[in-house]
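Chain and residue survey
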Amino acid sequence: RVSTMEFHFDVHKIFLEPVTKLDSSLIPPRRPLISSSEAQKQIMTVIDEIGKASAKAQRLPAPITSASRMQINKHHLYILKDCTPETAGRGVVIGFLKVGYKKLFVLDQKGSHIEAEPLCILDFYIHESLQRHGFGKELFNYMLRNEQVEVQHVAIDRPSEKFLSFLRKHYNLRSTIPQVNNFVVFEGFFRDRKASV
Ligand code: ACO
């Protein structure tokens, strides 16, 4: 069975760690085991395919994650690969998480507009067959540690019901502060923030 997140090339040769973080350069922190031009091509294929799979799962009219969009934005993309021995030689991507800093006006509890530049959760997807196995939590925690941000300080772009349930379950995030844009922030967003973010 070939799902949308399986590739005919060996994902383990381009992504050497369980989680690979990419920025606009699309160059992994650890050097791929194939030529850099070949690696670049395969990485772009992976990003385009997982972006499409996410859009389909969320019923979006078009993908919000693609290789070309990654190259023009200052986003960080975290890709989780399958490390089980069965996928040796080909490789399967389990899911991904895309984040980025954005300047936003965020309403506080009193309804005043506050200019902030929080880390925003922009796209998050775990393959259908692997949801509810804890992979989302693993990836999200990895991102929080890597970005050195507290979970209550992130803003979320149009969270799905599954994602809201995920945040309630793992991080006890329940009460939101009502906003006028598509971003959701939770109680605690304005507490103990680092300057300007
Ligand atoms: N229905 C309801 N809640 C779900 C579902 C589901 N099908 N799948 C996961 N969850 C939530 C629940 O709270 C669940 O806990 P429970 O099983 O006790 O109810 C919890 O997530 C499980 O945690 P993990 O296993 O760590 O999460 P998972 O690996 O499934 O990843 C994610 C969570 C990314 C939301 C995944 O379910 C997914 O890809 N969903 C489809 C795409 C999506 O909605 N992405 C978020 C879009 S919004 C945005 O990106 C800004």
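Residues numbered from 1 in each chain as written. Predicted model: local features only at pLDDT ≥ 70, side-chain atom pairs only at ≥ 80, totals over all residues. Heavy atoms only, no water.

1. Some remarks on the overall build of the chain
We count it as follows: Helix and strand assignments come from DSSP, with helices taken as H or I runs of at least 4 residues and strands as E runs of at least 2, each series counted from the N terminus. Burial classes follow relative accessibility: with a 1.4 Å probe on protein chains only, a residue under 20% of its type's maximum area counts as buried, one over 50% as exposed, and anything between as partly exposed.
Scanning the chain for helices and strands turns up four helices and nine strands. Moving toward the C terminus, one meets the helices and strands of the chain in the order β-α-α-β-β-β-β-β-α-β-α-β-β. Taken along the three principal axes of its C-alpha coordinates, the chain extends 55 × 30 × 30 Å. Within the chain, the fraction of its 197 residues that count as buried is 45%.

2. Brief notes about the sheet that holds strand S1 (residues 19-22)
Filter applied, for reference: In this analysis, strands are considered paired if DSSP registers two or more bridges between them. Residue contacts are counted whenever heavy atoms from the two residues lie within 4.5 Å of one another. The axes are straight lines fitted to the C-alpha atoms, using for helices just the contacting stretch, and the angles between their N-to-C directions are given from 0 to 180°.
Strand order across the open sheet formed by seven strands is S1-S2-S3-S6-S7-S9-S8, with mixed pairing between neighbours. Looking at the sheet topology across the chains shown, the edges are occupied by S1 and strand S8 (176-177). Running at roughly 85 degrees to strand S6 (residues 119-126), helix H1 (residues 36-57) makes contact with S1, strand S2 (76-81), strand S3 (93-101) and S6 of the sheet. Running over the sheet, helix H3 (residues 135-147) touches S1, S2, S3 and S6 and is turned about 155 degrees from S6.

3. Here we look at the nonpolar core
Condition: Among buried residues, the Ala, Val, Leu, Ile, Met, Phe, Trp, Tyr and Cys ones that are joined through side-chain atoms within 4.5 Å form a nonpolar core.
Of all hydrophobic cores here, the largest spans 25 residues; its most connected members are Leu97, Ile121, Phe140, Met143 and Leu167. For this core, the secondary structure elements donating two or more residues are S2, S3, S6, H3, helix H4 (161-171) and strand S9 (183-186).

4. Let's talk about unusual backbone geometry
In the Ramachandran plot, leucine 26 falls in the positive-phi region, its phi being about 60 degrees despite a non-glycine side chain. Within the secondary structure, leucine 26 sits in the loop between S1 and H1. You will see that arginine 132, though not glycine, has its phi angle at about 65 degrees, which is positive. By the secondary structure assignment, arginine 132 is in the loop between S6 and H3. With relative accessibility at 85%, the residue arginine 132 sits in the exposed group.

5. Some words on the site of the ligand
The test is simple: Throughout, the term near means that a residue has one or more heavy atoms lying within 4 Å of the molecule or strand in question. Side-chain atoms alone can form a polar contact between residues adjacent in sequence; in general such a contact is a pair of N or O atoms within 3.5 Å, and within protein one must be able to donate a hydrogen while the other accepts it. For accessible areas, the Shrake-Rupley method is used with a probe of radius 1.4 Å. Any residue's cover is judged against the shown protein chains and nothing else. A cavity here means a set of points on a 1 Å grid, drawn over the protein atoms and nothing else, where a 1.4 Å probe fits but cannot get out; a pocket is an open set with protein on both sides within 12 Å along at least five of seven lines, and a residue lines either one if it has an atom within 4 Å of a point. To be counted as sitting in a cavity or pocket, a molecule needs more than half of its atoms within 2 Å of that site's grid points. Note on residue classes: Ala, Val, Leu, Ile, Met, Phe, Trp, Tyr, Cys and Pro are nonpolar, Asp, Glu, Lys and Arg are charged, and everything else, Gly too, is polar.
Within the structure, the ligand sits among 25 residues, and Phe124, Gly134, Gly136, Ser160 and Ser165 are positioned closest to it. A distance of 3.4 Å separates an oxygen atom of the ligand from a polar atom in the side chain of glutamine 131. Here the ligand loses 85% of its free accessible area of 960 Å² to cover by the protein chains. A molecule is said to occupy a pocket when more than half its atoms come within 2 Å of that pocket's grid points, and by this definition the ligand occupies the largest pocket. At the level of secondary structure, the elements contributing two or more residues to the shell around the ligand comprise S6, H3, strand S7 (155-157) and H4. Tallied by class, the residues present in the shell around the ligand amount to 10 nonpolar, eight polar and seven charged.

6. Topic: a positive patch on the surface
Definition in use: Residues enter a patch when their relative accessible area is above 30% and they make no salt bridge; the linking distance is 9 Å between like charges and 5 Å between nonpolar side chains (Val, Leu, Ile, Met, Phe, Trp, Tyr). Each salt bridge in this description consists of a side-chain nitrogen of Lys or Arg and a carboxyl oxygen of Asp or Glu lying within 4 Å of one another. For the charge count, each Lys or Arg is scored as positive and each Asp or Glu as negative, with His and the chain ends excluded. In plain terms, the charge of a residue is placed at NZ if it is Lys, CZ if Arg, CG if Asp and CD if Glu.
Together, Arg59, Arg132, Lys137, Lys162 and Lys169 make up a positively charged patch on the protein surface. Mapping lysine 162 onto the fold places it in helix H4. For lysine 162, a relative accessible area of 60% corresponds to the exposed category.

7. Things to note about the pattern of salt bridges
Per the stated rule, a full pass over the model turns up six salt bridges. Here glutamate 49 makes a salt bridge to lysine 52, at a shortest N to O gap of 3.1 Å. Placement of both glutamate 49 and lysine 52 in helix H1 is noted, with a separation of three residues, approximately one turn of the helix. A residue is classified by how much of its surface remains accessible, and glutamate 49, at 25% relative accessible area, is partly exposed. The class of lysine 52 is partly exposed, set by a relative accessible area of 44%. Aspartate 157 is the partner of arginine 158 in a salt bridge, and the nearest nitrogen-oxygen pair spans 3.9 Å.

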